[in-house]
Amino acid sequence: MKKFLWIYVICLLFILNIAFSLFYNLDLNLLITNIINKNFTTTEFKILTQIRIPRVFASFFVGAALAITGCVLQSVFLNPLCEGYTLGIASCAGLGVIVGNILNLPLNKFFNSLLGVIFSLGVVFLLVLLFKKTVDISFILAGIVLNFFFSGVIILLTLFFDPYEIHYVLLWLLGGFSSVDAHYVYISCIVIVICIVILINMGDKFDVMILGKEKAISLGIKERIIKNISILICVIILSLCVSLSGIISFVGVIVPNVVKMFTGLKHKNWFFMSLIFGGFFVSLCDNLAKNLLYPLEIPISVFTGIIGSIFFLVFILKGNLYGNIKS
Amino acid sequence: MVILKVEELVSGYQDIDVIKKISFSISTGEFVGIIGPNASGKSTLLKTIAGVVKIKSGRVLINDKDIMDYHHKELAKTVGLSTNITDYSLNFKVRDFILLARYPWNFSEINYEELYEEFELKSILKKTLKELSSGELQRVLIAQLVAQTPQIFLLDEPVSHLDVGHQIGILDKLKRINLEKKITILASFHELNLAVEYCDRLILLFNGEIRKIGTPKEVMDYRILEEVYNTKLIVKTNPISEKPYVIPVPMMWNNF
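Figured I'd write up the structure that's included with this text. (Residues numbered from 1 in each chain as written. Chains lettered and ligands numbered in written order. Predicted model: local features only at pLDDT ≥ 70, side-chain atom pairs only at ≥ 80, totals over all residues. Heavy atoms only, no water.)

**Observations regarding empty space enclosed by the protein**
Item 1. According to the stated counting rule, one finds 5 cavities of 30 Å³ or more in the structure shown.
Item 2. Put simply, the largest cavity is a space of about 80 Å³.
Item 3. Lining of the largest cavity is provided by 13 residues; of these, Leu66, Ala90, Leu238, Val242 and Ile248 of chain A occupy positions nearest its centre.
Item 4. For the lining of the largest cavity, the elements supplying multiple residues, two or more each, are α3 (43-77) and α11 (223-245) of chain A.
Item 5. The leading source of residues in the lining of the largest cavity is α11 of chain A, at 4 residues.
Item 6. Each residue belonging to the lining of the largest cavity can be placed in one class, and the counts come to 8 nonpolar, 4 polar and 1 charged.
Item 7. In this structure, the second largest cavity spans a volume of roughly 50 Å³.
Item 8. Lining the second largest cavity we find Leu211 and Lys215 of chain A together with Thr83, Asn84, Ile85, Ser89, Phe97, Leu141 and Gln144 of chain B.
Item 9. By residue class, the composition of the lining of the second largest cavity is 4 nonpolar, 4 polar and 1 charged. (1 Å grid on protein atoms, 1.4 Å probe; cavity = no way out; pocket = protein on both sides within 12 Å on 5 of 7 lines; lining within 4 Å. Points joined across faces, edges and corners; volume = space filled by probe spheres on them. Helix = DSSP H or I, 4+ residues; strand = E, 2+ residues; numbered from the N terminus. Nonpolar A, V, L, I, M, F, W, Y, C, P; charged D, E, K, R; others polar.)

Spelled out as structure tokens, the structure:
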């Protein structure tokens, strides 16, 4: 019974959160009369449909995507600290977008981020090829090195922006949903949903893969192919997320690890709960980032970092989060 | 009837050949032990037969069909390999862990109650693996293999790190499965005496080659064993089972 209470409380919070981010500071009476009169050209209505709703969608699906990619990468590398950020995939995608900006490629943001996607794909698969012998700890270390390397390159490249632009670039790097384009959000959300469905359907295979490479193969899993496919899907999702909202750190580690304590290691449940909580967490953080010091907007990474670290610390102290590593 | 046939098998990792031209065959329902010193290729041989380690040359035939021609899942329905548990999977609950072995059968049902009864798992079903003792863990691993329902069990040192009571407990269960369900078992051993007591035939591996193959009495020749294990040994006969057993002689007594 206690378990269900938790779920109700979280659902309630979720609905409140979304309602708040949709209707905060909007004149509801005016809005309702607008809708009843079929008058869709007022400012209130445009704010709702062209700014607020895409933003809620973007924050929820980016959070969900970050969480589920965290789950998948942790299972692929059998390491609870893996996610797109620590593995350097996010930095790669970010670098792609920035290079696109600097070179003034005659493309819109969508294609610039696609450049990032392809670039990070190339780097990741080059690494997979290089480390063909052991896709494990060396790959993780390489990812961490990549992360530092590309972060450094990004900072270096920001020197080439003029002082006016640099503010926006830095804000984007720290992550945020303030400048999302409605159509791009919807397209990205559809792609993310498709990828997530594919990943959840692979849940049973991940269950078996956790038993270790040898056991998985002897149980009839094409281990290498599944790992490559899932990494490919993660890279696609993560690149989309980066192009939408910049680099949001920590979500991919915190959410899966906390959710795992409640769901256990059944991947279908774990993936599903992680993506819901991830979406909820990021949309909550976005809400705080937007409204806490209104009209000043705080970068979302500040909140994911602070809230996430505190939660994580509490769970480590209370739970047996890393008992599996020691024993 | 021959269920497993290995023909001039060469396998190993990257540029090292661990198994060098091995040939033997096993009939349905046999309990065969693989013995040999460390790094003689026991585990690699088992993994090669299970399709985990790549075959470099030669063939492995199961039911007269090359394992390379099997579909992944079909092979998993025929051959089951027990391996060490990864740290990550220690968070599985016992019940979920055993169910995973049904993957090649698309999680179709078997009589789990009977399985739990047989391996005395009822009381620990809801525990996670890291809460179990080594003996319980080994029982769970064997139960998982039984749940996979293959025709051949490949066991990599099923009783190492256990006390003698648990060793006998596990091996008795395996022997009963072997006799009652006519399941062929190929297991590697470090403990020569246990291998002798339970196995119908023994394969003595040395440096990736078969040094001797045959019944325990034929293989337990002290001249061969002393050469392979590089130590002095005494071979006697167990008065009850009338099978040979081996005692090592420490270096300090060699002058006597």
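Next comes the rest of the write-up.
**Here's the deal with the packing of α3 of chain A against α11 of chain A**
Residues and elements named next belong to chain A.
Item 1. At their nearest, the axes of α3 and α11 sit 10 Å apart, and the two run at 150° to each other. Relative to α11, the element α3 is oriented roughly antiparallel. The way α3 lies across α11 gives a crossing that is left-handed. Counted together, Val62, Ala65, Leu66, Thr69, Val72, Leu73, Val76 and Phe77 of α3 and Lys227, Ser230, Ile231, Cys234, Ile237, Leu238, Cys241, Leu244 and Ser245 of α11 form the full contact between these two elements.
Item 2. Its residues assigned to classes, the contact of α3 with α11 shows 13 nonpolar, 3 polar and 1 charged. (Axes fitted to C-alpha atoms, helices over the stretch in contact; angles between N-to-C directions. Parallel < 35°, antiparallel > 145°, perpendicular 65-115°, else oblique. Left-handed = near helix turned anticlockwise from the far one by under 90°. Contact = heavy atoms within 4.5 Å.)

**Focus: the interface of chain A and chain B**
Item 1. With 29 residues of chain A in contact, the opposing surface of chain B contributes 32 residues.
Item 2. Of the roughly 2600 Å² buried between chain A and chain B on both sides combined, carbon and sulfur atoms contribute 62%.
Item 3. Area buried by chain A at its contact with chain B is led by Leu211, Lys215 and Leu219 of chain A, which between them contribute 22% of it.
Item 4. The interface formed by chain A and chain B holds 1 salt bridge in total.
Item 5. One salt bridge connects Lys47 of chain B with Glu214 of chain A, and the closest N-O pair in it is separated by 3.1 Å.
Item 6. Joining chain A to chain B, the criterion identifies 3 residue pairs in polar contact (both at pLDDT 80 or more). (Buried area = accessible area lost by both parts, 1.4 Å probe. Salt bridge = Lys/Arg side-chain N within 4 Å of Asp/Glu carboxyl O. Polar contact = N/O pair within 3.5 Å; in protein donor to acceptor, adjacent residues only side chain to side chain.)

**Some details on helix α7 (residues 163-174) of chain A**
Residue and element names in this part refer to chain A.
Item 1. In this model, α7 (12 residues) spans 17 Å end to end at C-alpha, consistent with the 16 Å of a helix rising 1.5 Å per residue.
Item 2. All of the buried residues in α7 are Val169, Trp172 and Leu173. Taken around the axis of α7, the buried residues stretch over an arc of 100°, which confines them to a single face. Facing away from the buried side of α7 by over 90 degrees, the exposed positions are Pro163 and Tyr164.
Item 3. Immediately downstream of α7, the backbone of Gly175 shows phi near 95°, a positive value. (Expected span 1.5 Å × (residues − 1). Buried < 20%, exposed > 50% of the residue type's maximum accessible area, 1.4 Å probe, protein only. Arc of directions from axis to C-beta.)

**Some details on the sheet that holds strand β10 (residues 209-214) of chain B**
All names here are of chain B.
Item 1. On the basis of which strands lie adjacent, the open sheet formed by 6 strands has the order β6-β7-β8-β3-β9-β10 and mixed pairing. Sheet topology places β6 (79-82) and β10 at the edges, where each strand pairs with a single neighbour. Geometrically, the sheet is characterised by an average inter-axis angle of 15° between neighbouring strands, direction not taken into account.
Item 2. Pairing of strand β7 (residues 152-156) with strand β8 (residues 184-188) involves 5 bridges; the strand directions are parallel. Bridged to Asp156 within β8 is Ser188. (Pairing = 2+ DSSP bridges.)

**Some words on the sheet that holds strand β4 (residues 55-62) of chain B**
Two orientations exist for strands paired in a sheet by backbone hydrogen bonds: parallel and antiparallel.
Residues and elements named next belong to chain B.
Item 1. Within the open sheet, the 4 strands sit side by side as β2-β1-β4-β5. Their pairing is antiparallel. Of all the strands in the sheet, the pair left with one neighbour each is β2 (16-27) and β5 (65-66).
Item 2. The pairing of β4 with β5 spans 2 bridges and is antiparallel. Note on β5: the bridge partner recorded for Ile62 is Lys65.
Item 3. This element, helix α1 (residues 42-49), spans β1 (2-13), β2 and β4 of the sheet and lies at about 120° to β1.

**A look at unusual backbone geometry**
Negative phi is the rule for most residues except glycine; trans is the rule for most peptide bonds.
Item 1. The phi dihedral of Phe250 of chain A falls on the positive side, at around 75°, and the residue is not glycine.
Item 2. Relative to the elements of secondary structure, Phe250 of chain A occurs in the loop between α11 and α12 (251-263).
Item 3. By relative accessible area, Phe250 of chain A is classed as partly exposed at 39%.
Item 4. Even without glycine at this site, Thr149 of chain B takes up a positive phi of about 45°.
Item 5. Counting through the fold element by element, Thr149 of chain B comes out in the loop between α5 (134-148) and β7.

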